[in-house]
Amino acid sequence: MDRLVVIGRDELPRKVVLGAGESLRLTVVVPQGVSADIDFTAELTGPGADLDLAGVFVPAGSDTVRIRTLVRHLSGSCRSNQLFRGVADGQSQVSFNGLIYVQRDAQKTEAYQSCNTLLLNEGARVETDPQLEIYADDVVCSHGAAIGYLSEDELFYMRSRGIPFEQARRLQILSFLSPVLSRLPEEYYSLIAF
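Residues numbered from 1 in each chain as written. Predicted model: local features only at pLDDT ≥ 70, side-chain atom pairs only at ≥ 80, totals over all residues. Heavy atoms only, no water.

### Looking at the overall build of the chain
Going by this rule: Note on conventions: DSSP H or I runs of at least 4 residues are helices, E runs of at least 2 residues are strands, and numbering of each starts at the N terminus. When we talk radius of gyration, it's over C-alpha atoms, and the globule rule is simply 2.2 Å times the number of residues to the 0.38. Throughout, exposure labels follow a simple rule: accessible area from a 1.4 Å probe, protein chains only, divided by the maximum for the residue type, with under 20% read as buried, over 50% as exposed, and the rest as partly exposed.
Broken down by element type, the chain carries 2 helices and 11 strands. Along the chain direction, N to C, the helices and strands of the chain fall in the order β-β-β-β-β-β-β-β-β-β-β-α-α. Here the C-alpha atoms of the chain give a radius of gyration of 18 Å, agreeing with the 16 Å that 2.2 N^0.38 yields for 194 residues. Expressed as lengths along the three principal axes of its C-alpha atoms, the size of the chain is roughly 55 × 35 × 30 Å. Considering the chain as a whole, with its 194 residues, one finds that 47% of them fall into the buried category.

### Considering the sheet that holds strand 3 (residues 23-30)
Counted only if it meets this: Here the rule is simple: two strands pair whenever DSSP picks up at least two bridges between them. Convention adopted: a line fitted to C-alpha atoms gives each axis, helices being fitted over their contacting stretch, and angles between N-to-C directions are expressed from 0 to 180 degrees.
Strand order in the open sheet formed by 6 strands is 1-3-5-7-9-11, and the pairing between neighbours is parallel. Only two strands of the sheet have a single neighbouring strand rather than two, namely strand 1 (2-6) and strand 11 (139-149). Neighbour to neighbour, the strand axes of the sheet diverge by 5° on average, direction disregarded. Pairing geometry for strand 1 and strand 3, over 5 bridges, is parallel. Bridging from a neighbouring strand, L4 pairs with T27 of strand 3.

### Here we look at the sheet that holds strand 10 (residues 125-134)
Read from one edge to the other, the open sheet built from 5 strands follows the order 2-4-6-8-10, with strand pairing classed as parallel. Each edge of the sheet is formed by a strand with only one pairing partner; in this case those strands are strand 2 (15-18) and strand 10. Neighbour to neighbour, the strand axes of the sheet diverge by 10° on average, direction disregarded. Sheet analysis places strand 4 (residues 36-44) next to strand 6 (residues 64-73), joined by 9 bridges and oriented parallel.

### Things to note about unusual backbone geometry
For S77, which is not glycine, the phi dihedral falls at a positive 60°. Checked against the element boundaries, S77 lands in the loop between strand 6 and strand 7 (79-88). The partly exposed category is assigned to S77, whose relative accessible area is 41%. The backbone of K108 sits at a positive phi, close to 65°, despite the residue not being glycine.

### As for the pattern of salt bridges
Applicable threshold: For salt bridges, the criterion is a side-chain nitrogen of Lys or Arg within 4 Å of an Asp or Glu carboxyl oxygen.
Tallied over the entire structure, the rule returns 13 salt bridges. Ionic pairing is found between D37 and R68, a salt bridge with its closest N-O pair at 2.7 Å. Taken together, the positions of D37 in strand 4 and R68 in strand 6 put the pair 31 residues apart, joining distant regions of the chain. Judged by relative accessible area, R68 falls into the partly exposed class, the value being 30%. The partner of K108 in a salt bridge is D138, and the shortest N-O contact between them spans 2.6 Å. In this pair, K108 sits in the loop between strand 8 (93-102) and strand 9 (109-119) while D138 sits in the loop between strand 10 and strand 11, placing the two residues 30 residues apart along the sequence. The exposure class assigned to K108 is exposed, which follows from its relative accessible area of 51%.

### Concerning the packing of aromatic side chains
The condition is simple: Here a pair means two rings of Phe, Tyr or Trp (six-membered ring of Trp) with centres within 6.5 Å. Their orientation is stacked below 30 degrees between planes, edge-to-face above 60, and tilted elsewhere.
By the definition in use, this model includes 2 aromatic pairs. With centroids separated by 5.3 Å and ring planes inclined at 50°, the aromatic side chains of F84 and F96 adopt a geometry described as tilted. Remark: F96 occurs in strand 8 and F84 occurs in strand 7; sequence separation between them is 12 residues. We classify F96 as buried; its relative accessible area is 2%. Ring centres of Y101 and Y135 lie 5.7 Å apart, and the angle between their planes is 55°; this geometry places the pair in the tilted category. Of this pair, Y101 sits in strand 8 while Y135 is found in the loop between strand 10 and strand 11, placing the two residues 34 residues apart along the sequence. A relative accessible area of 18% means that Y101 is categorised as buried.

As structure tokens, then:
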């Protein structure tokens, strides 16, 4: 199943359970101007269950975005992937807290988690806390987070080729967000204003 949720317009389920062979490809969009408190749990309870979760957030002003995810691998031979990308501007605040839990008998689990954020100024704040709790020994799992600023070298390169500063900045932001934006129909790009 493929599902797109726009926070402030659509309801995000708090919990999903995926049984044997079931899959969910869920994309979450937190538009600019929307504060959000996302609390999402997924339980993979049967072999072959597959969760592909992605999210994009673009808080500005005094927006606050809190994302908490819990993915519980309760059966073997399941796969999950979490990918979050965001851009924080103004005095916005973002927190990401994600936990991948792998039960003792959930062998052959594959689970990945990543949250990367660009700060567009020094007033924005981002905290990330990706976590793994693994009790099985035959798994492939990883997690990571990165927070940084736009690349001055890339901006300089584009500007030296005649691209105006604002357009170069926008291109760099779009490139950074593209792994999640590529999952959206083009008409949703207007929700990601910056």
